[in-house]
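Residue-level listing of the chains:
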Amino acid sequence: MSILVFSINHKKSNIEFREKVAFKNKDIDKVLEIIKKSSICKEGVILSTCNRTELIGSFDDLTLGEKWCKKIFYDTFSIAEWEMAGKYEFKKNDEAIFYLYRLCCGLESIVLGEDQILGQVKKAHEKAMEKGASGKILNKLFLGAVTAAKDIRSNTKISENPLSLSYIAVKQAQKKLGSLKNSRALVVGYGKMSRLTVTHLLELGVREVYICNRSPEKVKTNKSKEITSVSYKEKYDFINKVDIIISATSAPHYIYHYNDFEKTYRNNPIVLIDIAIPRDIDPRISNIQGASLYHIDNLKEIAQENIKFREKLLNEISREIETRVNDFIRWRRSVPIHSKIAEIHHHNDLLVDEGLEQMFKKIDNLNQRECKIIEETIKSMVKRMWKKPIIQMKYASEQGDCEEALEFAKKYLGCKN
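Residues numbered from 1 in each chain as written. Predicted model: local features only at pLDDT ≥ 70, side-chain atom pairs only at ≥ 80, totals over all residues. Heavy atoms only, no water.

Applicable threshold: UniProt positions are given in the numbering used here, feature names are shortened, and annotations may be inferred rather than shown by experiment.
Under an unreviewed UniProt entry, the name given to the chain is Glutamyl-tRNA reductase, and the source organism is Proteinivorax tanatarense. You can read under Pathway (unreviewed entry) in the UniProt record for the chain the words "Porphyrin-containing compound metabolism; protoporphyrin-IX biosynthesis; 5-aminolevulinate from L-glutamyl-tRNA(Glu): step 1/2." If you open the UniProt record of the chain and go to Catalytic activity (unreviewed entry), you find "(S)-4-amino-5-oxopentanoate + tRNA(Glu) + NADP(+) = L-glutamyl-tRNA(Glu) + NADPH + H(+)".

Here it is in structure tokens:
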């Protein structure tokens, strides 16, 4: 079984194309259902964030797997082959495994070491498990990658200086305005990214933060005196009342349109930062005098300024990732022998049960306790007898000699499956 990652990400494609291939929840459900029934893709997980859209799957045939992945994207997003050319990449087997571990640690993100991606990967895997699309191989892979990332964050200083796209967005506003002290900001949306944005704005001295959300009752749980909840219908009214607008909703369309913005705007200097995919703010607004608009791809420059501290930790993190990945690779090599070992255990259990039944018929006057002691003793002896051969079979498989171990199990131990 081979592992394949099909990825459209911020390194290979611009924000305009990433918008086109951003999965909606209903699309994810549909593709996971296709995976569940597919004879080509044995298991699969869909990851869709502001920086990447990816399908991580296991396949018997990698060539068929590549064609299958591309067709899923062509069909889901109604795009032609030429539109996607040069904007995607495949990662296979060991490279794919290393990639997922690095991804969970935030090493493949615009913001090096950012911590939001870990939760996004975990959520994507949980959804695939819930829909029955992720099985033995990917469950082990994702559990290992998520656990490794958590441990690495705890054991290295990378967790002492957490960065996120929200933080970089706020730093961009600070860079443009010079200082955020006594400024006012409007945050549109109140998901995790927006809540982080609010925290960073207040930390950097913003005097008042207005939160515009379709569910204002969620905002009311925040008791901070600097925070005011405003109606979603008021989002245009605040254009002339604030210095900064940061938008991060999950809307499938623009929420700030060029014509409506131009009609309302009175040319006071304003910084707009759009960290949503698909984008929330019509890019033509950047042509309006006084309005400075930035989207995710524009934040790369300031993100680079925050990499220096984290680059010092890369060697340490990379060594830990390599150790964890090698453990998974060894386990994956041994997977084919697992069924043979299960067959051996099953056969032994049948023989022991049959032998015990015959013994108890021949020996009279044994009470229940004595029968249990005999049964446990014999089962323990059989298990110990097979322990070393099974360990050797697993070890041989992990070292790359799986075919020889399988042949031994079939030829000399009578395994059939």
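So that's the structure; there's more coming.
1. Observations concerning the UniProt feature "domain: Glutamyl-tRNA reductase N-terminal" (unreviewed entry) in the chain
Test applied: Here a strand is any run of E in DSSP of at least two residues, a helix any run of H or I of at least four, and the numbering for each starts at the N terminus.
Following the UniProt record, one finds the feature "domain: Glutamyl-tRNA reductase N-terminal" (unreviewed entry) at residues 7–156. Secondary structure content for residues 7–156 is 57% helix and 15% strand, and the end C-alpha separation is 28 Å.

2. Details of the packing of aromatic side chains
Put simply, the test is: Centre distance within 6.5 Å is the pairing criterion for rings of Phe, Tyr and Trp, where only the six-membered ring of Trp is used; planes under 30 degrees apart are then read as stacked, over 60 as edge-to-face, and the remainder as tilted. Relative accessible area decides the class of each residue, using a 1.4 Å probe on protein chains only: under 20% of the type maximum gives buried, over 50% gives exposed, and in between gives partly exposed.
This model, assessed by the stated rule, comprises 13 aromatic pairs. An angle of 65° between the planes, with centres 4.9 Å apart, marks the rings of Phe23 and Phe77 as edge-to-face. Residue Phe23 is found in the loop between α1 (15–20) and α2 (25–37), and its partner Phe77 is found in helix α3 (residues 62–77); the two are separated by 54 residues along the sequence. Given a relative accessible area of 9%, Phe23 falls into the buried group. We classify Phe77 as buried; its relative accessible area is 12%.

3. Some points on the pattern of salt bridges
Just so we agree on the cut-off: For this analysis, a salt bridge means a side-chain nitrogen from Lys or Arg found within 4 Å of a carboxyl oxygen belonging to Asp or Glu.
With the rule as written, the count across this model stands at 23 salt bridges. Lys131 serves as the salt-bridge partner of Asp29, at 4.0 Å between the closest nitrogen and oxygen. Pair noted here: Asp29 is in helix α2 and Lys131 is in the loop between α6 (116–130) and α7 (136–155), with a separation of 102 residues, a long-range link. Look at Asp29 and you get partly exposed, because its relative accessible area is 26%. For Arg284, the salt bridge identified is with Asp282, shortest N-O distance 2.9 Å. Overall, Asp282 belongs to the buried group, its relative accessible area being 4%.

4. Describing the environment of Ile211
For Ile211, the position within the fold is in strand β6 (residues 208–213). For Ile211, a relative accessible area of 0% corresponds to the buried category.

5. Looking at the nonpolar core
Inclusion rule: Working definition of a nonpolar core: buried Ala, Val, Leu, Ile, Met, Phe, Trp, Tyr and Cys residues. They are joined through side-chain atoms within 4.5 Å. Every residue pair with non-hydrogen atoms within 4.5 Å of one another is taken to be in contact.
Within the largest apolar cluster, 62 residues are counted, with the highest numbers of intra-cluster contacts made by Phe73, Tyr101 and Val121. The dominant element in this core, judged by the number of residues it contributes, is α7, at nine residues. Setting aside anything within four residues of it in sequence, one finds Phe73 in contact with Phe6, Ile8, Val21, Phe23, Thr53, Leu55, Ser78, Ile79 and Met84. Counting residues in each nonpolar core, the second largest holds 33 residues, with Ala22, Ile168, Ile244 and Ile296 among its members.

6. A word on the pairing of strand β9 (residues 270–274)
Just so we agree on the cut-off: For two strands to be treated as a pair, DSSP must find no fewer than two bridges joining them.
The element β9 is largely enclosed, with a buried count of five among its five residues. Burial along β9 is two-sided: the residues Ile270, Leu272 and Asp274 and Val271 and Ile273 are all buried. Taken together, the four bridges between strand β8 (residues 244–247) and β9 define a ladder with parallel strand orientation. The residue bridging Ile245 from the neighbouring strand is Leu272, located in β9. Summarising the sheet, β9 and strand β10 (residues 291–295) pair through five bridges and their orientation is parallel. Within the sheet, the bridge partner assigned to Ile270 lies in β10 and is Ala291.

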